[in-house]
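# Remarks on the overall topology
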Amino acid sequence: MSQIKFDFNNMFSSAVGARHGVTRGDIDRISGRAAAAQEHLSKVLAGPSQRIALALEWTQLPLQDKKTVAGIQALGSQIANKFDAVLFLGIGGSYLGLKAAQDALCPPYFNEFPSLRKKKPRIYFEGNNLDPETLSVLLRRLNPRKTAVVVISKSGETSETKAAFMMAQAWLKKAVGSRFGRQVFVITDPDSGSLRKYVQSQQKKDALSFCDLPLLKGVGGRFSEFNMGLLHLAIVGVEIQRVLDGARDMAKRCTASQPMENPALLYALLHTILYQKKAKALAILMPFSETLKSTADWYVQLLAESLGKKYGRKIERPAGAGERWSQDYSRVVNLGRTPISARGTNDLHSIQQNNIEGENNKVITFIRVKKFGRDLRIPGKGDLLSGKSYSQLLALAQEATEWALVQESRPNCAIILPEVTAYSWGALLFFFEMAVAYEGELLDVNAFDQPGVEGYKNYMYYKLGKPGLAKEIAEKIRNNPLVKDQRWII
Ligand code: PA5
């Protein structure tokens, strides 16, 4: 199986100069931190209960037992055989991985052409926004008798998902009657959350309703595609084991102690140098592939929520127990590169102008695909483009973009995928997850929580009158209202 390669040439001073690129000295200075990061991460990964407590259990997902995987694959086929459409409801980590898989691993225009779908149902994603337009259209157009609803929420509390689920349930119930729950599939925490409680109450009424798949403990939303995304893969007919095989093989590479043998560690340390020493605070991920654009969107959440942190990490080691990580409120760090997703060649006519001539504050990661599943040769004679294949032109455009960036001393690197397959896509996701984990170590922040997301949720809960909201949160909102001076609204 040919492996993903990583081309870091243009990250170095030899390509883009010492002011903007990584020098030998930079590497020497960070090597102690990099070794400590690798050592610390492998130490905490070695303890099963430690992994769960620190939300690092996602590292074990590539090794899931084959029986569980076969069971999900079979359930997916049953759903696919029974329904014409499947409506997935979820947001953030409960959506982005599925959408990335849909676009990368299913043929483009999947929903439009039955011959491409090979008897699989049409796939829709909702519950990822509170914009009423899209769900309204869908619920008016889909046939509820022929639609399965898969609701995904780890916490079981997320407003966007909950609202869409309430709408979808009422819609199903109206058309199908009391047995509507047999068309509902639920992926949520095995014990906690209001969705879990609701599932239990519904199953008491009808044991065949609300078929549910539990999420594993210690797997955070954005790190959970190889857990909560598996049913989707099975429904669209992707061989789950191939995805996991790719992730498992990448896991082996990404746990090596030496950066030159560990692409995730090398990626993390080069980016950390460029971020902290050369002021490259923007991270642009630019696959040269239309179908990998959603994978770049998935990465935006992974990087932003994992590393965009106000406080440094506090590590406690209580006697006889493993490590505990929390926020160190005495250490405000406000760290984290800002991720941006783009795609070539489309965005060469857009963000690329700024990449080349705007502030030199970014690092661009390309994803280059060597072989496409389908290709086109441009017909005719005599034109510059005649006889050229699309993949040839795309590769040239990517090379040209690298060249242009190097001319302007803009650091960049490339991840080279032999092909976009279930195997290579699984490996790609796992690579990014490990790279983020190493970056978290290097920056000394907890990459596995997302306290910043709570602010808007609490405000909404307060305004909606949710019972049980902590007193200090309610007081903070009450005492700090949003000020809208009408003079500034013109
Ligand atoms: O990474 C995370 O944990 C979050 O981004 C969640 O995925 C997101 O908030 C959705 O949460 P839930 O799955 O609980 O509905």
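See above for the structure.
Residues numbered from 1 in each chain as written. Predicted model: local features only at pLDDT ≥ 70, side-chain atom pairs only at ≥ 80, totals over all residues. Heavy atoms only, no water.

## Brief notes about empty space enclosed by the protein
- Summed over the entire model, instances satisfying the criterion amount to 2 cavities of 30 Å³ or more.
- Estimated volume of the largest cavity: approximately 40 Å³.
- Taken together, Phe288, Arg368, Val369, Phe372, Ser391, Leu394, Ala395 and Gln398 make up the full set of residues lining the largest cavity.
- Put simply, the parts of the chain that give the lining of the largest cavity at least two residues each are strand S11 (362-371) and helix H16 (390-407). (1 Å grid on protein atoms, 1.4 Å probe; cavity = no way out; pocket = protein on both sides within 12 Å on 5 of 7 lines; lining within 4 Å. Points joined across faces, edges and corners; volume = space filled by probe spheres on them. Helix = DSSP H or I, 4+ residues; strand = E, 2+ residues; numbered from the N terminus.)

## A closer look at the site of the ligand
- Around the ligand lies a shell of 13 residues, among which Ser94, Ser153, Ser155, Thr158 and Gln301 are the nearest.
- Contacts to the ligand include Ser94, whose side-chain N or O atom sits 2.6 Å from an oxygen atom.
- In the model, an oxygen atom of the ligand is placed 2.6 Å from a nitrogen or oxygen of the Gln301 side chain.
- Surface burial for the ligand is 90%, taken as the share of its 380 Å² of free accessible area covered by protein chains. (Near = heavy atom within 4 Å. Polar contact = N/O pair within 3.5 Å; in protein donor to acceptor, adjacent residues only side chain to side chain. Areas by Shrake-Rupley, 256 points an atom, 1.4 Å probe, with all protein chains shown as cover.)

## Examining the sheet that holds S11
- Pairing is mixed across the open sheet formed by 5 strands, whose spatial order is S1-S12-S11-S7-S10. Each having just a single partner strand, strand S1 (5-7) and strand S10 (338-341) make up the two edges of the open sheet. Recorded for the sheet is a direction-independent mean angle of 20° between the axes of neighbouring strands.
- Pairing between strand S7 (residues 282-287) and S10: 4 bridges, direction parallel. Across the sheet, residue Ala283 finds its bridge partner in S10, namely Pro339.
- Along the sheet, H16 makes contact with S11 and strand S12 (412-419), crossing S11 at roughly 155°. (Pairing = 2+ DSSP bridges. Axes fitted to C-alpha atoms, helices over the stretch in contact; angles between N-to-C directions. Contact = heavy atoms within 4.5 Å.)

## Some thoughts on the sheet that holds strand S3 (residues 122-126)
- With parallel pairing, 5 strands are arranged side by side in an open sheet as S3-S2-S4-S5-S6. Two strands lie at the open edges of the sheet, namely S3 and strand S6 (211-214), each paired on one side alone. The mean inter-strand angle of the sheet, taken between neighbouring strand axes irrespective of direction, is 20°.
- Note: strand S4 (residues 147-153) against strand S5 (residues 184-188), 5 bridges, orientation parallel. Considered in S5, the bridge of Ile152 is made with Ile187.
- Of the strands in this sheet, S4, S5 and S6 touch helix H9 (residues 194-205), which is tilted by about 145° from S6.

## Things to note about unusual backbone geometry
- The peptide bond linking Gly344 to Thr345 adopts the cis configuration, its omega dihedral lying at 0°.
- Structurally, Thr345 is set in the loop between S10 and helix H15 (352-357).
- A positive phi angle is found at Lys119, which is not glycine, with a value near 70°.
- Here Lys119 shows up in the loop between helix H6 (114-117) and S3.

## Quick notes on the packing of aromatic side chains
- The tally for this structure, following the rule as stated, stands at 21 aromatic pairs.
- The interplanar angle of 75° and the centroid separation of 6.2 Å between the aromatic rings of Phe165 and Phe210 together place this pair among those described as edge-to-face. Separated by 45 residues along the polypeptide, Phe165 in helix H8 (residues 159-176) and Phe210 in the loop between H9 and S6 bring together distant segments of the chain. For the residue pair Phe165 and Phe210, the accessibility class agrees, reading buried in each case.
- Between Phe180 and Phe210, the aromatic rings sit 6.0 Å apart at their centres with planes inclined by 85°, giving edge-to-face as the arrangement. Pair noted here: Phe180 is in the loop between H8 and S5 and Phe210 is in the loop between H9 and S6, with a separation of 30 residues, a long-range link. With respect to class, Phe180 is no different from Phe210; both count as buried.
- An aromatic cluster is built from Phe6, Phe8, Tyr267, Trp298, Tyr299, Phe431 and Phe432, whose rings are joined through pairwise contacts.
- A cation over an aromatic ring shows up here: Arg313 above the ring of Trp325, its NZ or CZ 4.5 Å from the ring centre.
- If you follow Lys466 out to its NZ or CZ, it ends over the ring of Tyr461, 4.0 Å from the centre. (Phe/Tyr/Trp six-rings, centres within 6.5 Å; stacked < 30°, edge-to-face > 60°. Buried < 20%, exposed > 50% of the residue type's maximum accessible area, 1.4 Å probe, protein only. Lys NZ or Arg CZ within 6 Å of the ring centre and 35° of its normal.)

## Looking at helix H2 (residues 24-45)
- Under the 1.5 Å per step criterion, the end-to-end length of H2 is 30 Å for 22 residues, consistent within 8% with the ideal 32 Å.
- Largest kink in H2: about 45°, centred on Ile30.
- Looking at H2, one finds that the buried residues are Asp26, Ile27, Ile30, Ala34, Ala37, Gln38, His40, Leu41, Val44 and Leu45.
- Residues of H2 that are buried make contact with helix H3 (48-53), helix H13 (263-278), strand S8 (309-316), strand S9 (324-335) and helix H17 (422-443). (Expected span 1.5 Å × (residues − 1). Bend = angle between axes of the 7 residues up to and from the residue.)

## Some words on the packing of helix H4 (residues 66-82) against helix H12 (residues 240-253)
- Contact geometry for H4 and H12: axes closest at 10 Å, N-to-C directions at 140°. It follows that H4 is oblique to H12 by the angle criterion. Facing Lys66, Val69, Ile72 and Gln73 of H4, the residues of H12 in contact are Ile240, Gln241 and Leu244. (Parallel < 35°, antiparallel > 145°, perpendicular 65-115°, else oblique.)

Limitation: the analysis is restricted to geometry and does not speak to function.
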